[in-house]
Amino acid sequence: MSASILTVDDSVSIRQAIRLTLSGAGFKVEEAGDGAEGLAKAAAGDFKLILTDLNMPVMNGLQMIQELRNRRILMGVPIVFLTTESDAGIKEQAKAAGATGWLTKPFVPEMLLRIVNKVLGQ
Amino acid sequence: VSGQDPVETFRIEARELLEGIEQNLLDLSERLHDRELIDAVFRGLHTLKGSGAMFGFDALAAFTHHCETAFDRVRKGEVNATPDLVSAVLNARDHMRALAEGDSADDGEALLSALHRALEIAGGEPVAKIEAPKAAVWRIRFSLPANAFLNGVNPLALLSELRELGECRVIADTSALPPLEELAPTECHLAWRVELTTQAPRSAIEDVFMFVMDDMTLSIESDGPSEQTATVAAEAPDEETAPAAMQAAARDDRSGGDVRKSEQSLRVPAERLDELMDRVGELVIAQSRLKQLASASPDVALRSVSEEVERLASELRETMMVVRMVPISNLFGRFESEHVHLIDAVTTNKTEFFREPSHFDFVTQECLPQIVAEGQRSIRAWSAAASIGAEAYTLAMVFEEFCADHPGLDYAILGTDLCSEVLRQAVKGIYPEAMIEPVPVALRERYVLSGRQSGRREVRIAPQLRAKAAFARLNLMDERYPVADDMDIIFCRNILIYFDKPTQAAVLRRLCSHLRPGGYLFLGHSESLLGVELPVTVVANTVFQRL
């Protein structure tokens with residue numbers, strides 16, 4: 001069975017790019033449009049990895065990461081956040097919230113796959 | 001894979017391996033010094049030999065062993081890869097193929113003597129060192145922050161990335177592990193020392209740790225391209241921040257002590273692993289014969305045993321497959337499998353079966369007689385913080401005993417937990433033998449099967465009990481539970497203490513709403529209903545009855 005990945009982003013195009021790349025590599029991908037939806041789907045599903053944007057409406061990525069870790073939802077599952085080089089300091093915040101790693105935007109499919117495989121240990 | 005005939009699966013795999021070996025040999029005949037090709041040929045031959053032995057292809061294993069040994073010597077630089085040697089192995093491939101298909105009568109003696117001749121000549125020439133690009137030996141020490149596991153960091157992934165860079169010797173430093181009773185299983189207490197031989201630059205090693213670099217203890221030092229010397233010079237700019245155990249280990253290194261050797265005792269010698277593979281191979285073959293006999297027999301009991309054996313054999317085989325996949329040069333593979341055992345050994349607690357025995361006495365003496373008196377035909381119980389299933393199976397044993405005296409009475413148990421990993425363990429119902437010590441001997445004899453897996457004493461809950469227990473993922477913090485609302489018995493022990501007061505109240509209220517009137521709620525001994533108004537009455541210490 002292929003591993004499932006949850007991608008949380010308010011941008012439809014980013015979600016689509018992620019889905020295409022990951023499903024092409026054999027992963028099953030589920031999508032959520034904001035942190036709250038991401039949290040709900042994470043609580044209901046069995047995911048091997050969560051990929052999330054930080055800047056989102058309703059509930060931002062930082063809050064979502066914090067909630068996931070505090071409520072021990074998908075305990076120990078890696079969370080990778082998307083960030084831009086200019087976001088100085090945000091990495092520390094996200095890591096303090098419990099994120100596992102990050103992916104710098106803009107990214108190419110190879111980079112996404114490299115990071116996904118890195119945190120999944122494949 | 002598991003649905004197929006394993007022997008057929010092996011044949012398919014053998015064909016692929018032989019094709020790979022052939023292609024690599026052809027390439028090698030044009031680039032005789034290509035290190036990667038030499039390694040690849042060796043690995044292919046080694047895998048072919050190992051799997052062959054595992055699935056009963058003894059002639060193939062024995063023959064391939066000669067070719068493998070030849071390439072092992074090439075790999076070590078003892079002999080050169082000569083055109084003669086390469087073509088001797090190339091010529092042997094059809095023979096190996098025939099042996100894998102099971103249709104060769106010839107013993108391949110002529111091929112072997114050609115191989116040995118080529119090997120002699122190759123060794124007789126002055127040994128020109130295979131031009132391996134200069135590799136440096138790096139000594140890497142690292143430990144992760146305690147919350148690494150919870151934050152999704154997988155140390156095994158880091159180690160396998162290091163292994164991709166080159167040959168690794170990995171030593172897990174367990175000295176910072178606290179005693180079992182103080183150990184929080186979700187925290188990372190291990191540190192690692194890795195000796196990596198690679199051409200890759202330091203930045204490639206640092207890259208492995210890119211996500212954890214800032215919060216971890218990491219030191220990377222190079223011993224230079226030569227064989228590493230015993231000295232650990234100018235170590236330790238970060239020794240002050242390193243855990244005490246690491247410092248101790250470093251001191252031992254410096255004094256040339258044998259500490260490393262003793263830590264390596266977790267490794268399984270290659271021969272033992274091969275023996276184990278052979279046994280598994282034999283088991284799988286014997287099991288498929290049993291299956292044939294059973295399927296032709298009208299005896300239902302025989303069939304059910306056969307199915308059980310089939311499942312166990314297939315699980316065992318898969319475990320062995322994983323171990324077998326690791327190249328022999330890579331001792332960490334074996335180390336890792338021990339390491340996994342270490343982890344699940346520390347997360348399973350001796351006191352989990354029949355924890356707080358008075359609760360189970362109460363179940364037998366009060367709850368169950370009442371259920372019978374009310375004319376119910378079945379008992380429904382819910383273990384709401386099921387973890388690896390010890391509580392659910394304890395209930396199963398208690399119910400099973402009671403039902404034996406009350407024909408017509410049946411039971412079902414639901415176990416839920418937030419973590420799907422522990423639930424998978426619960427479904428399997430396999431535990432280290434030490435864990436069932438609290439189970440009364442009479443019950444153990446009836447409901448627990450003993451066995452030995454990979455040298456570790458293990459037990460398994462009997463199938464008839466496992467069939468009565470279902471496990472599902474559930475978050476007690478959710479506002480609704482997808483669970484029947486007429487439970488007879490709910491156990492929710494030693495989990496509420498992790499919640500804040502308002503959450504405790506909400507969880508307790510929800511649990512009560514899933515009890516039928518007259519049903520029982522059991523809480524942990526350190527937990528109480530203090531301050532929460534619930535439709536229950538206290539009937540014993542930490543036992544409550546729904547009004």
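Residues numbered from 1 in each chain as written. Chains lettered and ligands numbered in written order. Predicted model: local features only at pLDDT ≥ 70, side-chain atom pairs only at ≥ 80, totals over all residues. Heavy atoms only, no water.

(A) A look at unusual backbone geometry. The backbone of Arg72 of chain A shows a phi angle near 55°, a positive value even though the residue is not glycine. Mapped onto the elements, Arg72 of chain A comes out in the loop between helix H3 (61-70) and strand E4 (79-84). On the basis of relative accessibility, which here comes to 35%, the residue Arg72 of chain A falls in the partly exposed class. With phi around 50°, Ser387 of chain B is a residue other than glycine that occupies positive phi space. Tracing the sequence through the fold places Ser387 of chain B in the loop between strand E5 (378-383) and helix H14 (390-405). (Helix = DSSP H or I, 4+ residues; strand = E, 2+ residues; numbered from the N terminus. Buried < 20%, exposed > 50% of the residue type's maximum accessible area, 1.4 Å probe, protein only.)

(B) Looking closely at the side chain of Asp34 of chain A. Residues and elements named next belong to chain A. One can find Asp34 in the loop between strand E2 (28-32) and helix H2 (35-44). For Asp34, the side chain forms a polar contact with the main-chain nitrogen of Ala36, separated by 2.9 Å. Within polar-contact distance, the side chain of Asp34 engages the backbone nitrogen of Glu37 at 2.9 Å. Once residues lying within four places of it in the same chain are set aside, the contact partners of Asp34 are Val8, Met56, Pro57, Val58 and Met59. (Polar contact = N/O pair within 3.5 Å; in protein donor to acceptor, adjacent residues only side chain to side chain. Contact = heavy atoms within 4.5 Å.)

(C) Just the nonpolar core, in detail. With 46 residues, the main nonpolar core has Phe353, Val363, Met397 and Phe399 of chain B as its most contacted residues. Those residues within four positions of Val363 of chain B in sequence are excluded, and the remaining contacts are Leu368, Pro369, Leu395, Val398, Phe399, Ile489, Phe491 and Phe522 of chain B. With 41 residues, the next largest nonpolar core counts Leu68, Val77, Ala94 and Val116 of chain A among its residues. (Core = buried A, V, L, I, M, F, W, Y, C linked by side-chain atoms within 4.5 Å.)

(D) A look at the packing of H2 of chain A against H3 of chain A. All names here are of chain A. Close contact between H2 and H3 brings their axes to 9 Å; oriented N to C, the two are set at 25°. Classified by the angle between their axes, H2 and H3 sit roughly parallel to one another. Where H2 crosses over H3, the two elements pack in a sense that is right-handed. On H3, the residues touching Gly35, Gly38, Leu39 and Ala42 of H2 are Met64, Glu67 and Leu68. (Axes fitted to C-alpha atoms, helices over the stretch in contact; angles between N-to-C directions. Parallel < 35°, antiparallel > 145°, perpendicular 65-115°, else oblique. Left-handed = near helix turned anticlockwise from the far one by under 90°.)

(E) Expanded view of the pairing of strand E2 (residues 167-173) of chain B. Residue and element names in this part refer to chain B. In terms of burial, E2 is largely enclosed, as 5 of its 7 residues are buried. Inspection of the sheet shows E2 paired to strand E3 (residues 191-198) by 7 bridges, in the antiparallel sense. Pairing of Glu167 across the sheet is with Thr197, part of E3. (Pairing = 2+ DSSP bridges.)

(F) Fine view of the environment of Leu28 of chain B. Residue and element names in this part refer to chain B. Mapped onto the elements of the fold, Leu28 is located in helix H1 (residues 6-30). On the basis of relative accessibility, which here comes to 0%, the residue Leu28 falls in the buried class. A C-alpha to C-alpha distance of 9.5 Å links Leu28 and Thr82, two positions 54 residues apart in sequence. Once you skip the residues sitting within four places of it in the chain, Leu28 turns out to touch Asp34, Leu37, Ile38, Phe71 and Val86.

(G) Representation of the environment of Gly52 of chain B within the structure. All names here are of chain B. For Gly52, the location among the structural elements is in helix H2 (residues 35-54). Sequence separation between Gly52 and Arg11 is 41 residues, and the spatial gap between their C-alpha atoms is 9.1 Å. Excluding anything up to four places from it in sequence, Gly52 contacts Phe10, Phe57, Leu60 and Ala61.

(H) View of the confidence of the model for chain B. Residue and element names in this part refer to chain B. Predicted confidence across chain B gives a mean pLDDT of 78, with 79% of residues reaching 70 or more. Below a pLDDT of 50 lies the segment residues 226-267, which in the model reaches 63 contacts outside its immediate sequence neighbourhood of four places, other chains included. In this model, residues 324-348 is a region of pLDDT below 50 whose contacts with residues beyond four sequence positions or in other chains number 50 contacts. Our summary of model confidence lists the complex with pTM equal to 0.36 and ipTM equal to 0.78. (pLDDT = per-residue confidence, 0-100.)

(I) Region of the structure containing the sheet that holds strand E11 (residues 487-492) of chain B. All names here are of chain B. Pairing within the open sheet is mixed, and its 7 strands lie in the order E10-E6-E5-E11-E12-E14-E13. Looking at strand neighbours, the two that pair on one side only are strand E10 (469-473) and strand E13 (536-540), the edges of this open sheet. Here the strands of the sheet are splayed against their neighbours by 20° on average, with no regard to which way each runs. Where helix H18 (residues 501-513) meets the sheet, its contacts fall on E5, E11, strand E12 (515-523), E13 and strand E14 (543-546), and the angle it forms with E12 comes to roughly 140°.

(J) Expanded view of the sheet that holds strand E1 (residues 4-8) of chain A. All names here are of chain A. Read from one edge of the open sheet, 5 strands run E2-E1-E3-E4-E5, paired in parallel fashion. Bordering the open sheet on either side are E2 and strand E5 (101-105), each of which pairs with just one other strand. Each strand axis lies, on average, 25° off the axis of its neighbour in the sheet, ignoring direction. Relative to strand E3 (residues 49-52), E1 is paired through 4 bridges, and the arrangement is parallel. Bridge pairing in E3 places Leu6 opposite Ile50.

(K) Seen up close, the packing of helix H1 (residues 12-24) of chain A against helix H5 (residues 109-120) of chain A. Residue and element names in this part refer to chain A. The contact between H1 and H5 brings their axes to 10 Å, and the two run at 65°. By crossing handedness, the relation of H1 to H5 is classed as right-handed. From H1, Ile18, Thr21 and Leu22 reach across to H5, where they touch Pro109, Leu112, Leu113 and Val116. In the contact of H1 with H5, the residues fall into 6 nonpolar, 1 polar and no charged. (Nonpolar A, V, L, I, M, F, W, Y, C, P; charged D, E, K, R; others polar.)

(L) Examining the packing of aromatic side chains more closely. All names here are of chain B. In the structure shown here, the tally under the stated rule is 14 aromatic pairs over all chains. Centroid distance Phe142 to Trp192: 5.3 Å. Interplanar angle 20°. Geometry classified as stacked. One end of the pair, Phe142, is in strand E1 (residues 136-143); the other, Trp192, is in strand E3, with 50 residues separating them in the sequence. For Phe142, a relative accessible area of 0% translates into the label buried. Among the residues examined, Trp192 registers a relative accessible area of 1% and is labelled buried. With 5.5 Å between their ring centres and 65° between their planes, Phe399 and Tyr411 make a pair best called edge-to-face. One end of the pair, Phe399, is in helix H14; the other, Tyr411, is in strand E6 (residues 410-417), with 12 residues separating them in the sequence. Judged by relative accessible area, which is 3%, Tyr411 ranks as buried. Among the aromatic residues, those joined into a ring-pair cluster are Phe354, Phe360, Phe362, Phe491, Tyr520 and Phe522. Arg75 extends its terminal NZ or CZ atom over the ring of Phe42, reaching a point 3.9 Å from the ring centre. (Phe/Tyr/Trp six-rings, centres within 6.5 Å; stacked < 30°, edge-to-face > 60°. Lys NZ or Arg CZ within 6 Å of the ring centre and 35° of its normal.)

(M) Summary view of the pattern of salt bridges. Under the counting rule described, the total for this entry stands at 29 salt bridges over all chains. For Lys118 of chain A, the salt bridge identified is with Glu161 of chain B, shortest N-O distance 3.0 Å. Taken as a pair, Lys118 of chain A in helix H5 and Glu161 of chain B in helix H6 (residues 155-165) lie in two separate chains rather than in one. The buried category is assigned to Lys118 of chain A, whose relative accessible area is 9%. Judged by its relative accessible area of 17%, Glu161 of chain B falls in the buried class. Look at the salt bridges and you will find they share partners, linking Glu22, Arg93, Asp94 and Arg97 of chain B into a network. (Salt bridge = Lys/Arg side-chain N within 4 Å of Asp/Glu carboxyl O.)

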